[in-house]
Amino acid sequence: MTDSKNDVRQSSDWFTKIDQERCIACGLCALHAPAVFDYDDNGVAFGKRDANHGTVPIPPEQLAAFKTAYRDCPVQAILRSRRPFPPEKPAKPRPDHYTES
Ligand code: SF4
């Protein structure tokens, strides 16, 4: 029997996600760590294990590949944390136009 606490202990205790606003779609991370990162049709990378939410720990056997990708990202778009990333807040709606009163 396992519980979530044990599952995390058996992991590398690192979580990752991509800052997709910063990613320049160079493809290096998916090349170095194909089990951790993939990229969409525009070449923008994402964490493939959890749809880029950063909530699933990196498996220990992928940690070396992850570190290489993290080190080599030319724009520091790969984020990492010892804890799961919090959910992203939805963007505030922006008005399409302003009217003068
Ligand atoms: S290495 Fe960095 S810039 Fe290149 S695809 Fe990955 S996250 Fe994007």
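Remember, it's a predicted structure, so these values are computed and weren't measured experimentally.

On to the overall build of the protein chain. What the protein chain contains, in helices and strands, is 3 helices and 4 strands. The N-to-C order of helical and strand elements in the protein chain reads α-β-α-β-β-α-β. For the protein chain, the residues scored as buried account for 32% of the 101 residues in total. Just so you have it, the protein chain exposes about 7500 Å², and 51% of that area is on carbon and sulfur atoms.

Let us now look at the nonpolar core. Ranked by internal contacts, the top residues of the largest apolar core, which has 16 residues, are Ile18, Cys23, Cys29, Phe37, Phe66, Ala69 and Ile78. Here this core gets 3 residues from one element, more than from any other, and that element is helix H3 (residues 63-72). Apart from the residues within four sequence positions on either side, Cys23 is in contact with Ile18, Gly43, Val44, Ala45, Val75 and Ala77.

Let us now look at the packing of aromatic side chains. Considering all chains together, one arrives at 2 aromatic pairs under this definition. Ring centres of Phe37 and Phe66 lie 6.2 Å apart, and the angle between their planes is 35°; this geometry places the pair in the tilted category. In this pair, Phe37 is assigned in strand S2 (residues 37-39) and Phe66 in helix H3, connecting sequence segments 29 residues apart. Phe66 carries the same exposure label as Phe37, and that label is buried.

Before going further, it helps to spend a moment on the confidence of the model for the protein chain. The predicted model of the protein chain has a mean per-residue pLDDT of 87, with 79% of residues at 70 or higher. Contacts of residues 1-9 to residues separated by more than four positions or lying in other chains number 2 contacts, the stretch itself having pLDDT below 50.

Scoring rules and cut-offs
- Residues numbered from 1 in each chain as written.
- Predicted model: local features only at pLDDT ≥ 70, side-chain atom pairs only at ≥ 80, totals over all residues.
- Heavy atoms only, no water.
- Helix = DSSP H or I, 4+ residues; strand = E, 2+ residues; numbered from the N terminus.
- Buried < 20%, exposed > 50% of the residue type's maximum accessible area, 1.4 Å probe, protein only.
- Areas by Shrake-Rupley, 256 points an atom, 1.4 Å probe, with all protein chains shown as cover.
- Core = buried A, V, L, I, M, F, W, Y, C linked by side-chain atoms within 4.5 Å.
- Contact = heavy atoms within 4.5 Å.
- Phe/Tyr/Trp six-rings, centres within 6.5 Å; stacked < 30°, edge-to-face > 60°.
- pLDDT = per-residue confidence, 0-100.

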